[in-house]
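Topology and contacts: notes
Next come the chains, spelled out residue by residue.
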Amino acid sequence: MMIKYLIQKEFLQIRRNPFLPRLILVFPIVIMCVMPWVMNQEVRNIRVSVVDNDRSSKSQRLVHSIQQSNYFIFKGQSQSYYAALKDVEKSRTDIVLVIPQHFSRDLTLGLHPQVLIAANAVNGTKGGIGSGYLSQIAMAYMNPDAAAIQSKISTLYLYNKHLNYKVFMIPALLAIVMMLMCGFLPALNIVGEKETGTIEQINVTPVSKWSFILAKLIPYWMIGLFIVTVCLLLAWLVYGITCQGPLWLVYVLAMLLALFFSSFGLLISNYSDTLQQAMFVMWFFVVCLLLLSGLFTPTRSMPHWAYATTYVNPMHYFIDAIRTVFVRGGGFMSIAHQVLALACFATLMGSWVAVSYKKNS
């Protein structure tokens with residue numbers, strides 16, 4: 001029964017803190033309601049200017065087809081390539097399309113005139129995808145036969161047929177919320193007690209090491225359950241996106257991740273003496289785990305040495321599993337190895353916490 005009162009103590013500390021209850025409630029709401037709109041990697045609103053050296057009716061029709069595209073913001077026509085390049089250097093234009101002389105004549109003779117596309121590739125993704133969009137428009141105009149063949153090719157998008165980026169990002173945002181809330185809060189809890197001196201009062205009581213550790217972990221597992229429920233409800237109410245697979249698997253994965261990060265937070269607090277030290281150490285590992293998890297970019301695109309780190313990254317297993325269940329509708333057997341890996345990581349981290357915590361009795 002001792003652990004019951006310790007858990008009550010933890011909830012009383014959280015409730016009496018003027019900041020934590022608001023953070024636990026507001027943070028997942030803000031993340032789920034704001035981030036899916038701004039974390040969109042679809043490239044739009046590309047500013048393009050045209051240098052028309054032909055000034056014919058056919059070249060103007062190409063310019064009009066660019067103006068009608070939803071992906072571009074037409075910035076007008078420049079007198080020369082060098083004038084357009086100055087606009088690129090001043091960040092007023094992203095891409096320049098140069099139409100050569102005799103463009104109309106070559107098209108009439110059945111030739112394939114070459115157009116120049118100069119893209120600002122400081123942002124490689126924007127420059128590469130934007131120039132790809134523009135080259136498709138130019139090729140479709142200059143070679144109608146190829147465009148007709150392309151129109152006969154049908155593409156079937158599986159699991160996300162409308163290419164809605166929010167479907168892809170919502171499971172990842174759930175992982176971010178769980179990691180930050182269930183990782184930072186336990187780490188700051190014990191370090192805060194160290195700074196105030198209350199941890200010494202616990203250490204001289206007959207409370208066992210395991211009771212103390214469980215009392216520190218269980219409240220954050222319950223907070224994790226609350227956060228998962230809030231995020232799933234917001235995904236349904238705000239975006240109309242629901243889990244395609246068994247919902248209980250989402251909770252299993254979330255609880256395993258919460259167990260790992262809450263144990264990881266306690267581990268860092270065991271080795272930290274101040275809040276500042278715990279914050280910096282926790283932030284270092286959080287950033288590394290996030291960037292190497294495949295949350296934003298495919299892991300197969302990483303260098304081989306970086307991809308090898310995903311085998312020991314619990315966030316990678318969680319991201320892969322939650323997207324399989326949430327987006328693809330996979331069952332337990334499709335994520336069995338991820339569940340096993342998360343369980344092993346959580347068990348290892350929990351055991352390390354128990355060994356590293358020194359109780360002076």
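Keep in mind that this is a model prediction, so the values were computed, not measured.

Looking now at the overall build of the chain. When helices and strands are tallied, the chain shows 15 helices and 4 strands. Its C-alpha atoms give the chain a radius of gyration of 28 Å, clearly above 21 Å, the size a compact globule of 361 residues would have. In the chain, buried positions account for 45% of the 361 residues. Long-range contacts, defined as pairs at least 24 residues apart, comprise 78% of the intrachain contacts of the chain with a sequence gap of at least 6. Accessible surface computed for the chain: about 19,300 Å², of which carbon and sulfur atoms make up 64%. Taking the average location of the 27 positive side-chain charges in the chain and that of its 14 negative ones, the two points are 7 Å from each other.

Moving on to the packing of helix α11 (residues 247-271) against helix α14 (residues 314-326). For the pair α11 and α14, interaxial distance at closest approach is 10 Å and the crossing angle is 170°. Considered as vectors, α11 and α14 are oriented roughly antiparallel to each other. Handedness of the α11/α14 crossing: left-handed. Across the interface between the two elements, Leu249, Val250, Leu253, Ala254, Leu257, Phe260 and Phe261 of α11 pack against Pro314, Met315, Phe318, Ala321, Ile322 and Val325 of α14. Taken together, the residues of the contact of α11 with α14 break down into 13 nonpolar, no polar and no charged.

This part covers a nonpolar patch on the surface. On the surface, Leu25, Val26, Ile29, Val30, Val34, Trp37, Val38 and Phe226 cluster together into a nonpolar patch covering about 710 Å² of accessible area. Considering each element in turn, the nonpolar patch owes the most residues, 7 residues, to helix α2 (residues 20-38). Counting through the fold element by element, Phe226 comes out in helix α10 (residues 209-239). Relative accessible area serves as the criterion here: at 38%, Phe226 is assigned to the partly exposed category.

Before going further, it helps to examine the environment of Cys33. Within the element layout of this structure, Cys33 appears in helix α2. Relative accessible area serves as the criterion here: at 27%, Cys33 is assigned to the partly exposed category. With 205 residues separating them along the chain, Cys33 and Val238 place their C-alpha atoms 7.4 Å apart. Apart from the residues lying within four places of it in its own chain, the contact partners of Cys33 are Leu234, Val238 and Tyr239.

Right, let's talk about α14 for a bit. Compared with an ideal rise of 1.5 Å per residue, which puts 13 residues at 18 Å, α14 spans 18 Å between its outermost C-alpha atoms and is within 8% of the ideal. Within α14, 12 of the 13 residues are buried, which leaves it mostly tucked inside the rest of the structure. Pro314, Met315, His316, Tyr317, Phe318, Ile319, Ala321, Ile322, Arg323, Thr324, Val325 and Phe326 are the residues of α14 that are buried. Against α8 (165-196), α10, α11, α12 (275-291) and α15 (336-356) lie the buried residues of α14. The backbone nitrogen of Met315 has a side-chain oxygen 3.0 Å away, supplied by the residue at the start of α14, namely Asn313.

The next point concerns the confidence of the model for the chain. Of the residues in the chain, 95% reach a pLDDT of 70 or more, and the chain-wide mean stands at 86. Within the chain, the lowest mean pLDDT, 63, falls on helix α7 (residues 144-151), and the highest, 94, falls on strand β3 (residues 95-99).

Let us look at the packing of α14 against α15. At a minimum axis distance of 9 Å, the contact between α14 and α15 shows a crossing angle of 150°. Of the two possible hands of crossing, α14 and α15 adopt the one that is left-handed. Across the interface between the two elements, Pro314, Tyr317, Phe318, Asp320 and Ala321 of α14 pack against Gln338, Ala341, Leu342 and Phe345 of α15. Its residues assigned to classes, the contact of α14 with α15 shows 7 nonpolar, 1 polar and 1 charged.

This part is about the side chain of Ser78. Here Ser78 shows up in the loop between β2 (72-77) and α4 (81-89). Leave out the neighbours within four places in its chain, and Ser78 touches Ser49, Val50, Val51, Ala84 and Asp87.

So, on to the pattern of salt bridges. Between side chains of opposite charge, a pair can form as their charged atoms come close. Using the criterion set out here, one finds 5 salt bridges in the structure. A salt bridge links Lys216 to Glu10; its shortest N-O distance comes to 2.8 Å. Remark: Glu10 occurs in helix α1 (residues 2-16) and Lys216 occurs in helix α10; sequence separation between them is 206 residues. Each member of the pair Lys216 and Glu10 is classed as buried. Here Asp94 makes a salt bridge to Lys126, at a shortest N to O gap of 3.3 Å. Of this pair, Asp94 sits in the loop between α4 and β3 while Lys126 sits in helix α6 (residues 124-142), placing them 32 residues apart in sequence.

Attention now moves to the state of the cysteines. Evaluated as defined, the whole model comprises 0 disulfides. Considering cysteine sulfurs only, Cys33 is the nearest to Cys231, which forms no disulfide, with 9.4 Å between them. What makes Cys231 buried here is its relative accessible area of 2%.

Here we come to the sheet that holds strand β4 (residues 116-119). Spatial ordering of the open sheet is given by β2-β1-β3-β4, a layout of 4 strands whose pairing is mixed. Since the sheet does not close on itself, it has two edges, and those belong to β2 and β4, each with one partner. On average, each strand axis in the sheet is inclined to that of its neighbour by 20°, with strand direction left out of account. Inspection of the sheet shows strand β1 (residues 46-52) paired to β2 by 4 bridges, in the parallel sense. Pairing of Arg47 across the sheet is with Ile73, part of β2. Along the sheet, α4 makes contact with β1, β3 and β4, crossing β3 at roughly 170°.

So, how was this worked out
- Residues numbered from 1 in each chain as written.
- Predicted model: local features only at pLDDT ≥ 70, side-chain atom pairs only at ≥ 80, totals over all residues.
- Heavy atoms only, no water.
- Helix = DSSP H or I, 4+ residues; strand = E, 2+ residues; numbered from the N terminus.
- Rg over C-alpha atoms; globule rule 2.2 N^0.38 Å.
- Buried < 20%, exposed > 50% of the residue type's maximum accessible area, 1.4 Å probe, protein only.
- Contact = heavy atoms within 4.5 Å.
- Areas by Shrake-Rupley, 256 points an atom, 1.4 Å probe, with all protein chains shown as cover.
- Lys, Arg positive; Asp, Glu negative; His and termini not counted.
- Charge placed at Lys NZ, Arg CZ, Asp CG, Glu CD.
- Axes fitted to C-alpha atoms, helices over the stretch in contact; angles between N-to-C directions.
- Parallel < 35°, antiparallel > 145°, perpendicular 65-115°, else oblique.
- Left-handed = near helix turned anticlockwise from the far one by under 90°.
- Nonpolar A, V, L, I, M, F, W, Y, C, P; charged D, E, K, R; others polar.
- Patch = residues over 30% accessible without salt bridge, like charges linked within 9 Å, V, L, I, M, F, W, Y side chains within 5 Å.
- Salt bridge = Lys/Arg side-chain N within 4 Å of Asp/Glu carboxyl O.
- Expected span 1.5 Å × (residues − 1).
- Polar contact = N/O pair within 3.5 Å; in protein donor to acceptor, adjacent residues only side chain to side chain.
- pLDDT = per-residue confidence, 0-100.
- Disulfide = S-S within 2.5 Å.
- Pairing = 2+ DSSP bridges.

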